[in-house]
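# Results of the structural survey
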Amino acid sequence: MTLLHALLPAAVVALGWFTTKTKLHRAHDLVERTDTSSNQRRNKPWSINTRRLMVVLVSSVSLWLGSQLTLFFNNYETSTGSPLERALAVGQKQEQEQEVKHKLMNSDHVLFEKRPEGMFPTGKKQIICHGSPRTASTLLFNMVAVCNFLHLKRNEPQLVPKIESKYAKEGIKFDDTSSDGLKIYKTHLDLDKLVTYDAVVFTTAVDRAEAATTKVNLKKQGLDVAYVQDMETLKEGGIPRIVHDFVVGYGLPKDDEERLIEFFSSWEVLRQCCGEQMSKYWRNDLTPEIYQRVTLSGIVEKNHPFCADHNIDEVEKAFMETELYKWLGEHENMRAFNKPSLRDKELNGTYCSSYNERVKTEALNFYGQPIYGEME
């Protein structure tokens, strides 16, 4: 029926064209015959003009009838065709609408949210955690990894052992896109230097205004931005605020929110006050005075009372007792998130105090190496 519907209007138009062409030839022959005698031509002007007018009318009616039949059968196909034909028509229309929506989403003027407000995408295989140094980018990286661990643990536990995470220094290469495992990358590289893959982007900003601008700009570049963590919100709401955003984003239950707050509240202290990537201010406080950095006024001062107020061994032990620490420890690929940084060794209850003592006696630098003579 579809082929017949398509051919019938074309046949009507062809018939009209053939009729027009035939009548034009006949009119032409008639004119040639009447040219043999000027008297005859003057005596039959009305007959020739009438024929020409009829040719024009027949052509116009044929074209109009063909267009109307085409319109009728197109509407008929969509509204009264077979169930399969109607389903195919609806599917084609939806695909066209999605294509238009995709083009508009990447335009400079229109932005579409492809998911409910606050929800993060969970179906893609690559996640990029991006941010400038000292903007809590490690907190973001760990939060993303641990929350994805919880999400998969509840929904697709068979994929938990396939989670891969690493720090990308020189570029990101997704060299195993056939794998069904989730890859989570941390980088300080500019996103515009990276090849655009089908990845989800988490990034950081200094304040809420920069976060909003960053999100809009990255979306305009065609990137799927899930979340922009800003220092202003982090300082005001602390770990509970960031955890809440991620619980909403990944659709985690209330008990997971409590586990995350307990886990990251201790981890935040360890991150600043323990290990190779501790706060530079706390490291300076611990370093022997001869190697300490001085302020702009030339005075060495103790400027990190936060860490000085904590018993670091007690914090380390409390961290190791959290339920989430134990869950992560059951999976070799997730144990790195049970440490202050990826560069640190595994905790044992006294790792932090032992490392801090080495900073005091050996003046260890950011890379865990002695800095003797570096600042003389």
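Criteria and cut-off values
Residues numbered from 1 in each chain as written. Predicted model: local features only at pLDDT ≥ 70, side-chain atom pairs only at ≥ 80, totals over all residues. Heavy atoms only, no water. Helix = DSSP H or I, 4+ residues; strand = E, 2+ residues; numbered from the N terminus. Disulfide = S-S within 2.5 Å. Buried < 20%, exposed > 50% of the residue type's maximum accessible area, 1.4 Å probe, protein only. Phe/Tyr/Trp six-rings, centres within 6.5 Å; stacked < 30°, edge-to-face > 60°. Lys NZ or Arg CZ within 6 Å of the ring centre and 35° of its normal. Pairing = 2+ DSSP bridges. Axes fitted to C-alpha atoms, helices over the stretch in contact; angles between N-to-C directions. Contact = heavy atoms within 4.5 Å. 1 Å grid on protein atoms, 1.4 Å probe; cavity = no way out; pocket = protein on both sides within 12 Å on 5 of 7 lines; lining within 4 Å. Points joined across faces, edges and corners; volume = space filled by probe spheres on them. Nonpolar A, V, L, I, M, F, W, Y, C, P; charged D, E, K, R; others polar. Left-handed = near helix turned anticlockwise from the far one by under 90°. Core = buried A, V, L, I, M, F, W, Y, C linked by side-chain atoms within 4.5 Å. Salt bridge = Lys/Arg side-chain N within 4 Å of Asp/Glu carboxyl O. Right-handed = clockwise from strand over helix to strand, strands pointing away.

Secondary-structure assignment places Pro133 in the loop between strand 1 (126-130) and helix 5 (137-155). When the C-alpha atoms of Pro133 and His188 are compared, they prove to be 6.8 Å apart, with 55 residues separating the residues in sequence.

Moving on, we come to the state of the cysteines. In a disulfide, the sulfur atoms of two cysteines are covalently bonded to one another. Taken as a whole and judged by the stated rule, the model has 2 disulfides. Disulfide pairing places Cys274 opposite Cys352 at an S-S distance of 2.1 Å. Note on the Cys274 and Cys352 pair: the S-S dihedral is about -85°, so by sign convention the disulfide is left-handed. Remark: Cys352 occurs in helix 13 (residues 351-362) and Cys274 occurs in the loop between helix 8 (254-273) and helix 9 (280-286); sequence separation between them is 78 residues. Across this residue pair, the class does not change: Cys274 and Cys352 are buried. Across the protein, the disulfide pattern expressed with sequentially numbered bonded cysteines is 1-3, 2-4.

This next bit is on the packing of aromatic side chains. Applying the stated criterion across every chain, the model contains 13 aromatic pairs. An angle of 75° between the planes, with centres 5.3 Å apart, marks the rings of Phe120 and Phe246 as edge-to-face. With Phe120 in the loop between helix 4 (83-105) and strand 1 and Phe246 in helix 7 (residues 231-250), this pair connects stretches of sequence that are 126 residues apart. According to the relative accessible area criterion, Phe246 is buried, its value standing at 0%. Linked through ring pairs, Phe120, Phe202, Tyr227, Phe246 and Tyr250 together constitute an aromatic cluster. The ring of Trp327 has Lys153 sitting right over it, with the charged end atom 4.7 Å from the ring centre.

Backbone-to-backbone hydrogen bonds pair the strands of a sheet. The strands run either parallel or antiparallel. Spatially, 2-3-1-4-5 is the arrangement adopted by the 5 strands of the open sheet, whose pairing is parallel. At either end of the open sheet lies a strand with only one pairing partner, and these are strand 2 (164-168) and strand 5 (224-230). Going from strand to strand, the sheet's axes swing by 20° on average, the running direction of each strand aside. Where helix 5 meets the sheet, its contacts fall on strand 1, strand 2, strand 3 (183-187), strand 4 (199-205) and strand 5, and the angle it forms with strand 3 comes to roughly 175°.

This paragraph deals with the layout of surface pockets. In this structure, the largest pocket spans a volume of roughly 1300 Å³. Arg134, Ala136, Thr138, Arg271 and Gln277 are, among the 34 residues lining the largest pocket, the residues nearest its centre. Looking at the lining of the largest pocket, the elements that each hand over two or more residues are helix 5, helix 7, helix 8 and helix 9. Here the residues of the lining of the largest pocket are counted per class, giving 15 nonpolar, 11 polar and 8 charged.

Quick look at the packing of helix 5 against helix 7 now. Two numbers describe how helix 5 lies on helix 7: the axes approach to 10 Å, and their chain directions differ by 30°. Relative to helix 7, helix 5 is oriented so that their crossing is right-handed. Across from Leu139, Leu140, Met143, Val144, Cys147, Asn148 and His151 in helix 5, the residues of helix 7 making contact are Leu234, Ile239, Ile242, Val243, Phe246 and Tyr250. Looking at the contact of helix 5 with helix 7, its residues break down into 11 nonpolar, 2 polar and no charged.

This paragraph deals with unusual backbone geometry. Within the chain, Arg134 stands out as a residue other than glycine whose phi angle is a positive 65°. Position of Arg134 among the secondary structure elements: in the loop between strand 1 and helix 5. The phi dihedral of Ala136 falls on the positive side, at around 60°, and the residue is not glycine. Secondary-structure assignment places Ala136 in the loop between strand 1 and helix 5. The class for Ala136 is partly exposed, based on a relative accessible area of 22%.

This part is about the nonpolar core. Core analysis: the largest hydrophobic core is formed by 60 residues, its most contacted members being Phe202, Phe246 and Leu260. Per-element accounting of this core gives the leading share, 11 residues, to helix 5. Discounting chain neighbours no more than four positions away, the residues touching Leu260 are Val146, Cys147, Leu150, Val243, Val247, Leu252 and Leu324. Core analysis: the second largest hydrophobic core is formed by 10 residues, Val201, Leu218, Leu223 and Val228 among them.

Along the chain, Arg259 turns up in helix 8. Its relative accessible area of 14% is what places Arg259 among the buried residues. When residues no more than four places from it in sequence are discounted, the contact partners of Arg259 are Arg154, Glu323, Leu324 and Trp327.

Between side chains of opposite charge, a pair can form as their charged atoms come close. Across all of its chains, the model carries 13 salt bridges by this definition. For Arg259, the salt bridge is made with Glu323, and the minimal N-O distance between the two is 2.8 Å. Of this pair, Arg259 sits in helix 8 while Glu323 is found in helix 12 (residues 323-329), placing the two residues 64 residues apart along the sequence. Residue classification places Glu323 among the partly exposed positions, given a relative accessible area of 36%.

The next point concerns the pairing of strand 4. Of all 7 residues in strand 4, 7 are buried; the element is thus mostly enclosed. What you see with strand 4 is no split at all: Ala199, Val201, Thr203 and Ala205 on one side and Val200, Phe202 and Thr204 on the other are buried throughout. Sheet topology places strand 1 next to strand 4; 4 bridges connect them, and they run parallel. For Gln126, the partnering residue across the bridge sits in strand 4 and is Ala199. Both strand 4 and strand 5 contribute to a ladder of 6 bridges, which runs parallel. Each residue of the ladder has a partner; that of Val201, found in strand 5, is Val225. Crossover handedness for the path strand 4 to helix 6 (residues 208-220) to strand 5: right-handed.

Don't take any of this as a statement about function, it's just geometry.
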